[in-house]
Amino acid sequence: MPTELLYLRDAYLVTFDAAVLEADEEGRRVALDRTAFYPTGGGQPHDSGELAGLPVVEVRKGEGDLVWHTLGGDGVLPADGDHVHGSVDWARRHALMRTHTALHVLCGVIWNEWRVPVTGGNMEPLSARMDFEFDPLPEGFGARVEELVNAELAADRPIAVSFLPRSAAVEDADLIRTKVNMIPESVAEIRVVDIVGLDKQADGGTHVQSTGEVGRIRVAKTESKGKGNKRIRLEVVDP
Ligand SMILES: [Zn+2]
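Fair warning: this is a prediction, and the values are worked out from it, not measured in the lab.

1. Let's talk about the packing of aromatic side chains
Right, so step 1: Within this structure, the stated rule accounts for seven aromatic pairs.
Right, so step 2: Where Trp 114 meets Phe 141, the ring centres are 5.0 Å apart and the plane angle is 55°; that geometry is what we call tilted. With Trp 114 in helix 1 (residues 90-114) and Phe 141 in helix 2 (residues 141-154), this residue pair connects regions lying 27 residues apart in the sequence.
Right, so step 3: What links up through ring pairs into an aromatic cluster is the set Trp 114, Phe 132, Phe 134 and Phe 141.
Right, so step 4: Note that Arg 9 overlies the ring of Phe 163, its terminal NZ or CZ placed 4.0 Å from the centroid.
Right, so step 5: For Arg 29, the ring lying beneath its charged end belongs to Trp 68, and the centroid distance is 4.0 Å.

Following this line, the structure appears as structure tokens:
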């Protein structure tokens, strides 16, 4: 049985109850039947917080889509079948939600303005980098993209999360652009994050409810990572 990922339907869920499916004493980690903790993946780092009164120091998806929570401290690890209470560190999670949404806004803006696709990215709370297929970067790019992104954030666009059958998702022009066909055929249902009117992607990350909640961004740096690969570093700041 895979772990039920509660954050996929409710990114604002902070506390939850779950049962331990497996306990790994040696690795000091437990797998749960359900979790609100985000495991590292898709460019978004894992959550932290508390589980069964112990600090959660790492969260990873393992075999069979089980989510493993590595616990710090020196208290006794919960055992198989135990019922546990978890709480996600909201300050860190919310910062990651703001940052992840800011990156989707950046993707949407760059596609609309320059028709250039993203090639990769990574984020930390309130800072991120993203790579695009520019060659070279347009004149005055940093200031222009910062202005365009901040205008979309100020527009307070709603963000809708939905679940589509794979057969429907692969027919959607916006999702085709963001490479929905790269998702393994075994995935029957595709989660779609839609920044309404700006950017729509198949995505498993956690996002805020509207772009206004992000705040503002600042382009910290742009750099070349080779031919057809230019990197943008940004920071998320309060409005
Ligand atoms: Zn994403």
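So, next bit.
2. So, the pairing of strand 9 (residues 118-124)
Right, so step 1: In terms of strand pairing, strand 9 meets strand 10 (residues 127-132) through six bridges, oriented antiparallel. By the bridge assignment, Met 123 is partnered in strand 10 with Ala 128.
Right, so step 2: The turn linking strand 9 back onto strand 10 is made up of two residues, and Leu 126 within it adopts a positive phi angle of 70°.

3. As for the environment of Val 14
Right, so step 1: Along the chain, Val 14 falls in the loop between strand 1 (4-5) and strand 2 (15-24).
Right, so step 2: Residue classification places Val 14 among the partly exposed positions, given a relative accessible area of 24%.
Right, so step 3: Taking the C-alpha atoms as reference points, Val 14 and His 85, separated by 71 residues in sequence, lie 11 Å from one another.
Right, so step 4: Once residues within four sequence positions are removed from consideration, Val 14 is found in contact with Gly 86, Ser 87, Val 88 and Trp 90.

4. What to know about the nonpolar core
Right, so step 1: Among the nonpolar cores identified, the biggest contains 32 residues, and Leu 106, Ile 110, Phe 132, Val 145, Val 149 and Ile 217 are the most heavily contacted of them.
Right, so step 2: Residue assignment for this core shows that the elements contributing at least two residues are helix 1, strand 10, helix 2, strand 12 (189-195), strand 14 (216-224) and strand 15 (230-237).
Right, so step 3: With nine residues, helix 1 is the largest single contributor of residues to this core.
Right, so step 4: When sequence neighbours within four positions are dropped, the list of residues in contact with Val 149 reads Val 105, Leu 106, Val 109 and Ile 217.
Right, so step 5: Counting residues in hydrophobic clusters, the runner-up holds 21 residues, among them Leu 8, Val 30, Leu 32 and Tyr 38.

5. Points about the pattern of salt bridges
Right, so step 1: Per the stated rule, a full pass over the model turns up 14 salt bridges.
Right, so step 2: Residues Arg 144 and Glu 113 are paired through a salt bridge, measuring 3.2 Å at the closest nitrogen-oxygen approach. Residue Arg 144 is found in helix 2, and its partner Glu 113 is found in helix 1; the two are separated by 31 residues along the sequence.
Right, so step 3: Arg 144 gets classed as partly exposed once you look at its relative accessible area, which sits at 32%.
Right, so step 4: Here Glu 113 falls in the partly exposed class, since its relative accessible area comes to 38%.
Right, so step 5: One salt-bridge network, held together by shared partners, links Glu 113, Arg 144 and Glu 147.

6. Notes on the packing of helix 1 against helix 2
Right, so step 1: Packing of helix 1 against helix 2 brings their axes to within 10 Å, and their N-to-C directions diverge by 115°. Classified by chirality, the crossing of helix 2 by helix 1 is right-handed. Residues Val 105, Leu 106, Val 109, Ile 110, Glu 113 and Trp 114 of helix 1 form the contact with helix 2, whose participating residues are Phe 141, Arg 144, Val 145, Leu 148, Val 149, Glu 152 and Leu 153.
Right, so step 2: In the contact of helix 1 with helix 2, the residues fall into 10 nonpolar, no polar and three charged.

7. Brief notes about the pairing of strand 2
Remark: a regular strand shows side chains that alternate across the two faces of the sheet.
Right, so step 1: Two elements, strand 2 and strand 8 (residues 83-88), share five bridges in a ladder whose sense is antiparallel. Directly across from Thr 15, in strand 8, lies its bridge partner Ser 87.
Right, so step 2: The sheet contact formed by strand 2 and strand 3 (residues 29-32) spans four bridges and is antiparallel. Within strand 3, the residue paired with Ala 23 across the bridge is Val 30.
Right, so step 3: Here strand 2 folds back onto strand 3, and the loop between the two strands holds four residues, one of which, Arg 28, carries a positive phi near 50°.

Criteria and cut-off values
Residues numbered from 1 in each chain as written. Predicted model: local features only at pLDDT ≥ 70, side-chain atom pairs only at ≥ 80, totals over all residues. Heavy atoms only, no water. Phe/Tyr/Trp six-rings, centres within 6.5 Å; stacked < 30°, edge-to-face > 60°. Helix = DSSP H or I, 4+ residues; strand = E, 2+ residues; numbered from the N terminus. Lys NZ or Arg CZ within 6 Å of the ring centre and 35° of its normal. Pairing = 2+ DSSP bridges. Buried < 20%, exposed > 50% of the residue type's maximum accessible area, 1.4 Å probe, protein only. Contact = heavy atoms within 4.5 Å. Core = buried A, V, L, I, M, F, W, Y, C linked by side-chain atoms within 4.5 Å. Salt bridge = Lys/Arg side-chain N within 4 Å of Asp/Glu carboxyl O. Axes fitted to C-alpha atoms, helices over the stretch in contact; angles between N-to-C directions. Left-handed = near helix turned anticlockwise from the far one by under 90°. Nonpolar A, V, L, I, M, F, W, Y, C, P; charged D, E, K, R; others polar.

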